[in-house]
Amino acid sequence: RDQAEKMCLAEKRVAFSAYVQPAREIDGPGMCGLVTPLKVTALASGTVELNSTQTVGCPMTSALDQWLEEVVQPVARARFGVAVTRISSMGAYSCRPIDNLRGAKLSEHAFGNALDVGAFTLADGREITVVKAWKRGSPQERAFLQEVHAGACAFFTTVLAPGSDAFHYNHIHLDL
């Protein structure tokens, strides 16, 4: 599990800062864990805060930064005239099976390779929540969520959202 983490760090795809800090290795239980977990409080060079500190690996942090720069921020500016300043995460590292179903394979959350996004806050203070705006939001809000969801497919291996299954009715799941 450490090969991708080491390569990402060696390639300097993530820089340590006040908002991205290395943490102690997480070894288990079982196959769960990260060799070099990162405690992340903000992304995109600190311009997009997270609602709480999230534990993810370097590859996931790098992919999130790219997605924000190349998809989320351009779409937010085009749709709303302002940038996203905060992401409300519903979870990152967690040693658990997929969808918390007993007997299922381990989730990518168990390796620090996943983040669940529940909402985006814009620079003007508006909050766009997945659970409310996916189907019942304004046309701009719905289009924004659908575009950032579709654009995530270029950076992540698995992208799930409302309509994917019953477990993702209220968030966008991104994983490597």
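Data block above holds the structure.
Keep in mind the model is a prediction, meaning the values are calculated, not measured. (Residues numbered from 1 in each chain as written. Predicted model: local features only at pLDDT ≥ 70, side-chain atom pairs only at ≥ 80, totals over all residues. Heavy atoms only, no water.)

So, about the overall build of the chain. A count of helical and extended segments in the chain gives four helices and ten strands. For the chain, the succession of helices and strands along the chain, N to C, is α-β-β-β-β-β-α-β-β-β-α-α-β-β. Computed over the C-alpha atoms, the radius of gyration of the chain is 16 Å, within 12% of the 16 Å expected from 2.2 N^0.38 for a compact globule of 176 residues. Counting only C-alpha atoms, the chain reaches 45 × 40 × 25 Å along its principal axes. (Helix = DSSP H or I, 4+ residues; strand = E, 2+ residues; numbered from the N terminus. Rg over C-alpha atoms; globule rule 2.2 N^0.38 Å.)

Moving on, we get to the environment of glycine 151. Along the chain, glycine 151 falls in helix α4 (residues 139-152). You can call glycine 151 buried: its relative accessible area is 17%. Residues contacting glycine 151, with those up to four places away along its chain left out, are Trp67 and Val71. (Buried < 20%, exposed > 50% of the residue type's maximum accessible area, 1.4 Å probe, protein only. Contact = heavy atoms within 4.5 Å.)

In this section: the nonpolar core. Counting residues in hydrophobic clusters, the biggest one holds 41 residues, and the most contacted among them are Trp67, Phe120, Phe144, Phe156 and Leu174. When contributions to this core are tallied by element, the ones reaching two or more residues are β4 (38-43), β5 (48-56), α2 (58-80), β6 (84-91), β7 (114-122), α3 (130-136), α4 and β10 (172-175). At eleven residues, α2 tops the list of elements feeding residues into this core. In contact with phenylalanine 144, not counting residues within four places along its chain, are Val72, Val75, Ala76, Arg79, Phe80, Val84, Phe120 and Ile128. (Core = buried A, V, L, I, M, F, W, Y, C linked by side-chain atoms within 4.5 Å.)

Throughout the structure, instances matching the rule amount to five salt bridges. In this structure, the salt-bridge partner of aspartate 2 is lysine 6, at a minimum N-O distance of 2.9 Å. Of the two residues, aspartate 2 and lysine 6 are both situated in helix α1 (residues 2-10); the distance of four residues between them amounts to about one turn of the helix. We note a salt bridge from arginine 86 to glutamate 49, for which the minimum N-O separation is 3.3 Å. Within this pair, whereas arginine 86 is found in strand β6, its partner glutamate 49 is found in strand β5, the two being separated by 37 residues in sequence. When its relative accessible area of 38% is taken as the criterion, glutamate 49 is described as partly exposed. (Salt bridge = Lys/Arg side-chain N within 4 Å of Asp/Glu carboxyl O.)

A few words now on the pairing of β4. With three bridges joining them, strand β1 (residues 20-22) and β4 adopt antiparallel strand pairing. Bridged to proline 22 within β4 is leucine 38. Once β4 ends, the chain turns through four residues before running back antiparallel as β5, passing alanine 44 with a positive phi of about 55°. (Pairing = 2+ DSSP bridges.)

Approximately 45° is the largest bend angle found in α2, and it occurs at leucine 68. Among the residues trailing α2, glycine 81 stands out with phi positive, at a value near 80°. (Bend = angle between axes of the 7 residues up to and from the residue.)

The next thing to look at is the packing of aromatic side chains. Within a pair of aromatic rings, the relevant descriptors are the distance that separates the centres and the angle that separates the planes. For the coordinates displayed, the defined rule picks out four aromatic pairs. Considering the side-chain rings of phenylalanine 120 and phenylalanine 144, the 5.2 Å spacing of their centres and the 85° angle between planes classify their relative orientation as edge-to-face. Highlighted residues: phenylalanine 120 in strand β7 and phenylalanine 144 in helix α4, separated in sequence by 24 residues. With relative accessibility at 0%, the residue phenylalanine 120 sits in the buried group. Note on phenylalanine 144: relative accessible area 0%, which makes it buried. An aromatic cluster of at least three residues, connected via ring pairs, comprises Trp67, Phe80, Phe120, Phe144 and Phe156. (Phe/Tyr/Trp six-rings, centres within 6.5 Å; stacked < 30°, edge-to-face > 60°.)

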